[in-house]
Amino acid sequence: MAAAARLWLHLYPCLLGLFRCAFAFAPEAAEATRWLSTRGAAAGPGDGMNVLFIVVDDLRPVLGCYGDKLVKSPNIDQLASHSVVFSNAYAQQAVCAPSRVSFLTGRRPDSTRLYDFYSYWRVHAGNYSTMPQYFKENGYVTLSVGKVFHPGVSSNYSDDYPHSWSVPPFHPSTEKYENDKTCRGKDGKLYANLVCPVDVTEMPSGTLPDIQSTEEAIRLMNVMKTSKQKFFLAVGYHKPHIPLRYPQRQIRQSYYAAVSYLDTQVGQLLNALDDVGLSNSTIVVFTADHGWSLGEHGEWAKYSNFDVATRVPLMFYVPGMTTSPVSQGERMFPYLDPFSHILGFVPQGQSKKVVELVSLFSTVAELAGLQVPPVCPETSFHVALCTEGSSIVRYFNASEEKVKEEKDRCDDTFRCFNEETVAFSQYPRPADTPQWNSDKPKLKDIRIMGYSMRTIDYRCTVWVRFNPNNFSADFEDVHAGELYMVETDPNQDYNIYNNTSHACFLKKILGFLKH
């Protein structure tokens, strides 16, 4: 097919078969409270639970529950101990706006036609429903706090309100100081550094954006508890996105310190869930929009198809499913100080299945007891409600022994594709060689698209010619390729794409992508 969207979508049904085998403004608090409190208890989704959807900016899985020995993240680890944790979850594009629009609509970037920050999918692609919109239409009060959608053009300067949210989304007032000079140097002067510890009391308004988001989310949970309404509350945390500013007492180096700062916010939020008595009736989803490279491949950013940029933490807490309900008077999520708590937590369940963020829409809908949206047809620009990611709930109770048994049976490439899960990511480039806009090209400048496929055993990426005028990718015009074998090269440092011993294997992969 000529069009990239049709090519990619033609590939998805084949792969869905393998799945089947197993602001800019913030509302005044009082105004939002009045609106919520005056609404009667809506006809809700029967026995469906509330949803607390936590999404973090630029968080790679450097967490204790993912085996990291350095970072201090006891509150997120505690959440993991009551959750199903996916150790191989991947974003569809390693940049904020495209990734968030993708998993919130359940469509891949070639369907949202968003590879940068400068278009709104409802105008430039299709009037696609979103996950919060679907919950709203099914009787939930939907609330957005912090960075959920990427602000600006890509969410119509409104975080897709009123389509997705019951009230205007909340953004911390201190966001506007993000690029101000707030880092105090040794000379006592203030600088606009990307990395610095800060004294929160010296910050504008005496606080930080993520602290404000936690406070607002807790306030909203109390309002919803009082009104006895089912809610879908999305909370988006900025850190560890740059600039890395975090309370001074947390002196761990930059990114890791920011992760521990994030952990304190998540800990307070979950502790409040206990306080309002909703731990037994609220699903908690925790994930990130993409990862971040900390020097791997010579990069200190995202903007690639490597695991460090596309792999994210992903866990689901489902009362009565992933853990037993808490008894009256007991706490599921007591707050833990990251720098005094030393006891490690083990995830309640851990799956090594390769999964994608584009599956979040259908997965959360199923967990909440809603009807799972249908799988998108090959051409779906005209279809408002469908998803290109299949629900992964069926993997929640799959034993690792069964996963290994299925993997060991695979000896043919095409049959393996139909028995193993895979994840797709993509990234645009303006040219074959690096230039000033290589990391974040605007749509009009994209000439190359890197389509990447990740299985449990390898990552294969092909860089093909792309026409931004008609969104077409030419898989016959391959400019370059990458192939990394995970077992022997977990950091993806040794590209064996041109190794002749793998020619037959690569020919099969390309044949599969093209057809």
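Parameters at a glance
- Residues numbered from 1 in each chain as written.
- Predicted model: local features only at pLDDT ≥ 70, side-chain atom pairs only at ≥ 80, totals over all residues.
- Heavy atoms only, no water.
- Helix = DSSP H or I, 4+ residues; strand = E, 2+ residues; numbered from the N terminus.
- Buried < 20%, exposed > 50% of the residue type's maximum accessible area, 1.4 Å probe, protein only.
- Areas by Shrake-Rupley, 256 points an atom, 1.4 Å probe, with all protein chains shown as cover.
- Phe/Tyr/Trp six-rings, centres within 6.5 Å; stacked < 30°, edge-to-face > 60°.
- Lys NZ or Arg CZ within 6 Å of the ring centre and 35° of its normal.
- Core = buried A, V, L, I, M, F, W, Y, C linked by side-chain atoms within 4.5 Å.
- Contact = heavy atoms within 4.5 Å.
- Salt bridge = Lys/Arg side-chain N within 4 Å of Asp/Glu carboxyl O.
- Disulfide = S-S within 2.5 Å.
- Pairing = 2+ DSSP bridges.
- Axes fitted to C-alpha atoms, helices over the stretch in contact; angles between N-to-C directions.
- Polar contact = N/O pair within 3.5 Å; in protein donor to acceptor, adjacent residues only side chain to side chain.

Caption draft 1: Here's a closer look at the overall build of the protein chain. If you tally the helices and strands in the protein chain, you get 14 helices and 15 strands. A total of 515 residues make up the protein chain; the buried ones form 60% of that total. With an accessible surface of roughly 20400 Å², the protein chain has 52% of that area assigned to carbon and sulfur atoms.

Caption draft 2: Just the packing of aromatic side chains, in detail. Under the defined criterion, the tally for this structure stands at 18 aromatic pairs. Judged by centre distance (5.0 Å) and plane angle (65 degrees), the ring pair of Tyr120 and Trp121 falls under edge-to-face. Neither residue differs from the other here; Tyr120 and Trp121 are each classed as buried. Residues Phe135 and Tyr140 carry aromatic rings whose centres are separated by 5.0 Å and whose planes lie at 80 degrees to one another, so their mutual orientation is edge-to-face. Here Phe135 and Tyr140 have matching classes, each one buried. Here the aromatic residues Phe53, Phe103, Phe135, Tyr140 and Phe232 are joined through ring pairs into a cluster of three or more. Lying over the aromatic face of Tyr128, Arg107 brings its terminal NZ or CZ to 3.8 Å of the ring centre.

Caption draft 3: Structural detail: the nonpolar core. In this structure, Phe53, Phe232, Leu233, Phe286 and Phe316 are the most contacted members of the largest nonpolar core, which totals 97 residues. Per element, the largest residue contribution to this core is 8 residues, and it comes from helix H9 (residues 254–275). If we ignore the near neighbours within four places in the chain, the residues touching Phe316 are Ser83, Val84, Phe86, Val284, Val285, Thr322, Leu360, Thr363, Val364, Leu367, Ile392 and Phe396.

Caption draft 4: Spatial organisation of the pattern of salt bridges. According to the stated counting rule, one finds 17 salt bridges in the structure shown. For Arg60, the salt bridge goes to Glu296, with nearest N and O atoms at 2.8 Å. In this pair, Arg60 is assigned in the loop between strand E1 (50–56) and helix H3 (74–80) and Glu296 in the loop between strand E9 (282–288) and helix H10 (307–310), connecting sequence segments 236 residues apart. Overall, Arg60 belongs to the buried group, its relative accessible area being 14%. Since its relative accessible area comes to 23%, Glu296 is described here as partly exposed. In this structure, Arg429 engages Asp439 in a salt bridge whose closest nitrogen and oxygen atoms are separated by 3.8 Å. Taken as a pair, Arg429 in strand E12 (residues 423–429) and Asp439 in the loop between E12 and strand E13 (448–454) lie far apart in primary sequence, 10 residues in all. Asp439 gets classed as partly exposed once you look at its relative accessible area, which sits at 37%.

Caption draft 5: Layout of the state of the cysteines. Within the structure shown, the criterion is met by 1 disulfide. Two residues, Cys376 and Cys386, share a disulfide whose sulfurs are 2.1 Å apart. Every disulfide takes its handedness from the sign of the S-S torsion; for Cys376 and Cys386 that torsion is 90 degrees, giving right-handed. In this pair, Cys376 sits in the loop between helix H11 (360–367) and helix H12 (400–408) while Cys386 sits in the loop between H11 and H12, placing the two residues 10 residues apart along the sequence. With relative accessibility at 2%, the residue Cys386 sits in the buried group.

Caption draft 6: Seen up close, the sheet that holds strand E11 (residues 349–356). As summarised here, the arrangement of the 7 strands in space is E3-E7-E1-E9-E10-E2-E11, forming an open sheet in which the pairing is mixed. Only two strands of the sheet have a single neighbouring strand rather than two, namely strand E3 (141–146) and E11. Averaged over all neighbouring strand pairs, the angle between strand axes comes to 15 degrees, with direction disregarded. Both E9 and strand E10 (residues 311–317) contribute to a ladder of 4 bridges, which runs antiparallel. Paired with Thr287 across the strands is Leu314, a residue of E10.

Caption draft 7: Here's a closer look at the pairing of strand E15 (residues 472–485). Direction of pairing for strand E14 (residues 458–467) relative to E15: antiparallel, over a ladder of 10 bridges. Bridge assignment links Thr461 to a residue of E15, and that residue is Glu482. Between the antiparallel neighbours E14 and E15 lie 4 residues, among them Phe471 with a positive phi of about 55 degrees.

Caption draft 8: Region of interest: the environment of Tyr335. Locating Tyr335 in the fold gives a position in the loop between E10 and E11. When its relative accessible area of 33% is taken as the criterion, Tyr335 is described as partly exposed. The contacts of Tyr335, once residues within four sequence positions are left out, are Asn75, Thr264, Gly267, Gln268 and Asn271.

Caption draft 9: Geometry of the environment of Thr455. Looking at the element boundaries, Thr455 is found in the loop between E13 and E14. A residue is classified by how much of its surface remains accessible, and Thr455, at 4% relative accessible area, is buried. Taking C-alpha positions, Thr455 is 9.1 Å from Phe424, a pair spaced 31 residues apart along the chain. Ignoring any residue separated from it by four or fewer positions in sequence, one finds Thr455 in contact with Val354, Thr421 and Val422. Only 3.1 Å separates the side chain of Thr455 from the backbone nitrogen of Asp457, close enough to count as a polar contact.

Caption draft 10: Fine view of the sheet that holds E15. Across the sheet, 4 strands lie side by side as E12-E13-E14-E15; this open sheet has antiparallel pairing. Edge positions in the sheet fall to E12 and E15, since each of these pairs with one other strand and no more. Within this sheet the neighbouring strands show an average axis-to-axis angle of 20 degrees, counted without direction.

Caption draft 11: Looking closely at helix H4 (residues 96–105). Counting buried positions over the 10 residues of H4 gives 10, a clear majority of the element. Looking only at H4, the buried set comprises Cys96, Ala97, Pro98, Ser99, Arg100, Val101, Ser102, Phe103, Leu104 and Thr105. On its buried face, H4 is in contact with E1, helix H5 (109–112), helix H6 (121–124), helix H7 (131–137) and H11. Looking one or two places after H4, you find Gly106, whose phi comes out positive at around 75 degrees.

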